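Spelled out, the chains give:
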Amino acid sequence: MVLSHDAPSLGLCGGSLFGHPRQDAFHFPALNTSVAEARQRVLARLREWGIDEVACEDAQLVVSELVTNAVRHTDSEKVSCQLRVSGVAVRIEVADQGDAPTEPRARRSGADEESGRGLLLVGALSRAWGVRPDDSGHGRVVWADLPHGRHPH
């Protein structure tokens with residue numbers, strides 16, 4: 001796991017993969033129903049960009065965990081997600097607006113606990129992940145870099 005407040009944020013600076021944009025940003029209200037919407041948006045975009053199915057499935061799990069954490073553990077009104085494909089990595093960034101009492105960190109949960117394992121899953125699926133303050137100075141961004149392959153065209 002890489003925790004870095006100096007990790008670069010994603011700019012919205014175009015680029016292409018097989019002639020299609022390879023970067024997307026979207027926003028949802030901070031509601032539990034937004035988790036499924038974020039998962040569907042990420043899956044649709046990565047498939048459009050020709051990313052392999054294993055990476056698509058991993059990205060869905062990661063965005064689910066990150067959006068769920070932003071919705072449940074902050075006082076945000078909206079949650080933002082940025083998605084970028086570059087080289088052999090998929091970068092997912094989820095930003096919240098709120099203040100949470102602690103910084104997100106992976107922890108071991110007891111066998112009888114129903115939650116608390118999400119960031120362990122993010123860490124297992126990602127090459128690296130971390131947390132940094134968002135660009136506005138309010139809230140934070142949790143990011144993860146996942147490996148991917150491209151379908152041959």
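In this text, all values refer to a predicted model and were calculated from it rather than measured experimentally. (Residues numbered from 1 in each chain as written. Predicted model: local features only at pLDDT ≥ 70, side-chain atom pairs only at ≥ 80, totals over all residues. Heavy atoms only, no water.)

Draft legend 1. Representation of the environment of Leu125. Structurally, the position occupied by Leu125 is in helix H3 (residues 118-125). Separated by 63 residues in the primary sequence, Leu125 and Val62 place their C-alpha atoms 7.7 Å from one another. Leaving out residues up to four positions away in the same chain, Leu125 has contacts with Asp58, Leu61, Val62, Leu146 and Pro147. (Helix = DSSP H or I, 4+ residues; strand = E, 2+ residues; numbered from the N terminus. Contact = heavy atoms within 4.5 Å.)

Draft legend 2. Geometry of the sheet that holds strand S6 (residues 128-133). In spatial order, the strands read S3-S4-S5-S7-S6; together these five strands make up an open sheet with antiparallel pairing. Each edge of the open sheet carries a strand with a single partner, namely strand S3 (23-29) and S6. The average undirected angle you get between the axes of adjacent strands in this sheet is 15 degrees. In this sheet, strand S4 (residues 78-86) lies alongside S3 in antiparallel orientation, the contact comprising seven bridges. Along S4, the bridge assignment pairs Pro29 with Lys78. Against the sheet, helix H2 (residues 53-73) makes contact with S4, strand S5 (89-95) and strand S7 (140-147), and its axis sits at roughly 15 degrees relative to S5, the strand it touches most. (Pairing = 2+ DSSP bridges. Axes fitted to C-alpha atoms, helices over the stretch in contact; angles between N-to-C directions.)

Draft legend 3. Representation of the nonpolar core in the model. Among the nonpolar cores identified, the biggest contains 34 residues, and Leu46, Val62, Val63, Leu66, Val67, Ile92 and Val94 are the most heavily contacted of them. Considering each element in turn, this core owes the most residues, nine residues, to H2. Leave out the neighbours within four places in its chain, and Ile92 touches Ala59, Val62, Val63, Leu66, Cys81, Gln82, Leu83, Val142, Trp143, Ala144 and Leu146. (Core = buried A, V, L, I, M, F, W, Y, C linked by side-chain atoms within 4.5 Å. Buried < 20%, exposed > 50% of the residue type's maximum accessible area, 1.4 Å probe, protein only.)

Draft legend 4. Quick look at the packing of aromatic side chains. Applying the stated criterion across every chain, the model contains one aromatic pair. Between Phe26 and Phe28, the ring centres sit 5.4 Å apart and the planes meet at 75 degrees, which makes this aromatic pair edge-to-face. Accessibility expressed as a relative area gives 4% for Phe26, which makes it buried. (Phe/Tyr/Trp six-rings, centres within 6.5 Å; stacked < 30°, edge-to-face > 60°.)

Draft legend 5. The arrangement of the pattern of salt bridges in detail. Scanning the model with the defined rule gives nine salt bridges in all. Two residues, Arg45 and Asp24, come together in a salt bridge whose shortest N-O distance is 2.9 Å. Of this pair, Arg45 sits in helix H1 (residues 33-48) while Asp24 sits in strand S3; the two residues are 21 residues apart in sequence, bridging distant segments of the chain. Comparing Arg45 with Asp24 shows no difference in burial state: the two are buried. A salt bridge links Glu53 to Arg47; the nearest nitrogen and oxygen atoms lie 2.6 Å apart. Relative accessible area serves as the criterion here: at 46%, Arg47 is assigned to the partly exposed category. (Salt bridge = Lys/Arg side-chain N within 4 Å of Asp/Glu carboxyl O.)

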